[in-house]
Amino acid sequence: MRQPLSRELSNMLERSRDRQLRLAVTGLSQAGKTAFLTSLVNQLRHAGVEAQLDLLPVAREGRLLGAQRLNQPDLGVPRFPYDPGMASLRDTPPRWPEPTRGISELRLQLRYRPAQRGWFTPDIAHLTLDLFDYPGEWLLDLPLLQHDFYSWSQSQAQHEGPHRRALFSEWLAEAEQLDPTAEADEAQLATLADAYALGLRRAKQAGFSDLQPGRFLLPGELDGAPVLQFFPLPGLDTPKETLDALPESSLYATLAARFRYYQQQVVRPFYRDHFRRFDRQIVLVDVLGALNAGPERFEDLSRALQQLMKSFDYGKRSLLTRLFAPKIDRLAIAATKADHVTPDQHTHVVQLLEALLAEPLKDLRFADIPVKALSLAAIRATEAREVLHDGKRTPALKGTTLEGEDVLVYPGDVPSRLPKADFWQQQGFDFPSFRPLPADSEALPHIRMDAAIDWLIGDKLT
């Protein structure tokens, strides 16, 4: 929905003064985006009162006065459900906020005292921060823009491990018998598309990440539409030029047309309207969940992230890019759920994250894009403890499982590099899912949210 001209001019003026920042909070499904955004708003709103933000200089020095929610710029997009999320966290027992089901936005205005005063420096300055949330499932579609139907079908076949293949067994049994040159049967396509979507849902529940098309998992307003009635064709060995020459009524041409429509009418507008507008980005990665799930799913996460990082537009900012062609000029990559391992393992978590994204990080640093890797827990769910074991003090975690059981656990050692085969054969890494800790104050307990905030926006609050 187009904004009123006065609002567009106001936004353009703020961007020309570098007083407006658009932050992309990016992550695959279950990486913790909604929890991160809820905590981010909470920490900034309680800065200088109860929030523990010692790693954010403007807060540590008492210059950050707080944040206030403003009317969002796009009146056609729902507001991010901050209040319902906080109500869940303050419930008895506390509950995690509901996962994202659609796009939502939030605009904050931060007020602070500049560190240095001058003739033209105001006593109190402000920064407008625009945030938006979206389903992680939809993010998986961005790499589709790099493919045509033929190359996408081949790429899906290349990454089938035995566990993943078993989850798609019903669909594969039928799809492998299809003749790409045959006349398309609409009823058959709908049935097979449903079977493929079922395989994707099973794979998600089993901990896999590289799941395309993402709208099959969370279709939203497209539920039941023909645009979602397609799937990759396994075992393509006919040359692409031959298949492209088939009549429009053929099975291959019908699936290829629906794939192109999905690209152009679903994926591209999502990218154009949202991701191309951002200035800063944090990529949230559930590396511990993938480590917990086993080697095939860990490799699947690595592949999904490698593809995803190629979808964003990174580069230096100038007045012109701020106004007309925003580029992401600063990036954070964060391993979430750091409270699921003991503090002595946090360094290894960051090292493993950097190893997982080694190639994208090299490309970013070569392009001189500031990037920082860290581990964090946006909302703490455990407390660190030490217990006596065989006469030695051993680190452990105390928390409450989702089922309500109080536990004291040591999840295991996190490797500092990409795991090899012997790790998967020997390791005892395992952790339960925890409830959030009860909130004893207005500010949510966290681990290193202040470090993330400082990296992402701290340079604008000087």
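Residues numbered from 1 in each chain as written. Predicted model: local features only at pLDDT ≥ 70, side-chain atom pairs only at ≥ 80, totals over all residues. Heavy atoms only, no water.

Within an unreviewed UniProt entry, the label attached to the protein chain reads YcjX family protein, and the organism entered is Vreelandella aquamarina.

Novice: An account of the side chain of Lys 33 is requested, with residue identities and associated values reported.
Specialist: Looking at the element boundaries, Lys 33 is found in helix α2 (residues 33-45). Although buried, Lys 33 forms no salt bridge, and the nearest oppositely charged side chain, Asp 133, lies 4.7 Å from it. Side-chain polar atoms of Lys 33 contact the backbone oxygen of Gly 27, separated by 3.4 Å. Residues contacting Lys 33, with those up to four places away along its chain left out, are Val 25, Thr 26, Gly 27, Leu 28, Asp 133, Tyr 134, Pro 135, Gly 136 and Leu 284. (Helix = DSSP H or I, 4+ residues; strand = E, 2+ residues; numbered from the N terminus. Buried < 20%, exposed > 50% of the residue type's maximum accessible area, 1.4 Å probe, protein only. Lys, Arg positive; Asp, Glu negative; His and termini not counted. Salt bridge = Lys/Arg side-chain N within 4 Å of Asp/Glu carboxyl O. Polar contact = N/O pair within 3.5 Å; in protein donor to acceptor, adjacent residues only side chain to side chain. Contact = heavy atoms within 4.5 Å.)

Novice: Before we move on, could you go through helix α15 (residues 346-356) and cite the residues and values that matter?
Specialist: For α15, the complete set of buried residues consists of His 346, Val 349, Val 350, Leu 352, Leu 353 and Leu 356. Seen end-on, α15 carries its buried residues on one side only, within an arc spanning 160 degrees. Against β5 (280-285), α12 (287-293), α13 (295-309), β6 (330-335), α16 (358-366) and β7 (371-375) lie the buried residues of α15. (Arc of directions from axis to C-beta.)

Novice: Summarise the sheet that holds strand β8 (residues 382-389); cite the residues concerned and give the values.
Specialist: Reading across the sheet, the three strands line up as β8-β9-β10 and stay open at both edges, with antiparallel pairing between neighbours. Edge strands, defined here as strands with exactly one partner in the open sheet, are β8 and β10 (406-409). Averaged over all pairs of adjacent strands, the angle between their axes in this sheet comes to 35 degrees, without regard to strand direction. Both β8 and strand β9 (residues 392-400) contribute to a ladder of eight bridges, which runs antiparallel. Across the sheet, residue Glu 383 finds its bridge partner in β9, namely Lys 398. (Pairing = 2+ DSSP bridges. Axes fitted to C-alpha atoms, helices over the stretch in contact; angles between N-to-C directions.)

Novice: Tell me what's going on with the domain arrangement of the protein chain, and back it up with residues and numbers.
Specialist: Looking at the protein chain, the domain boundaries give domain 1 (3-137 + 277-378 + 439-460), domain 2 (140-271) and domain 3 (382-426). Opposite the 19 residues of domain 1 that make contact, domain 3 presents 18 residues. Here domain 1 packs against domain 3, burying approximately 1400 Å² in sum over the two surfaces, 73% of which is carbon and sulfur. Area buried by domain 1 at its contact with domain 3 is led by Leu 291, Thr 342 and Gln 345, which between them contribute 30% of it. Summed over the shared surface of domain 1 and domain 3, the number is zero salt bridges. Counting every contact that joins domain 1 to domain 3 gives four residue pairs in polar contact (both at pLDDT 80 or more). At six residues, α15 tops the list of elements feeding residues into the side of domain 1 that touches domain 3. Grouping the amino acids of the side of domain 1 that touches domain 3 by side-chain chemistry returns eleven nonpolar, six polar and two charged. (Domains from an automatic or database assignment. Buried area = accessible area lost by both parts, 1.4 Å probe. Nonpolar A, V, L, I, M, F, W, Y, C, P; charged D, E, K, R; others polar.)

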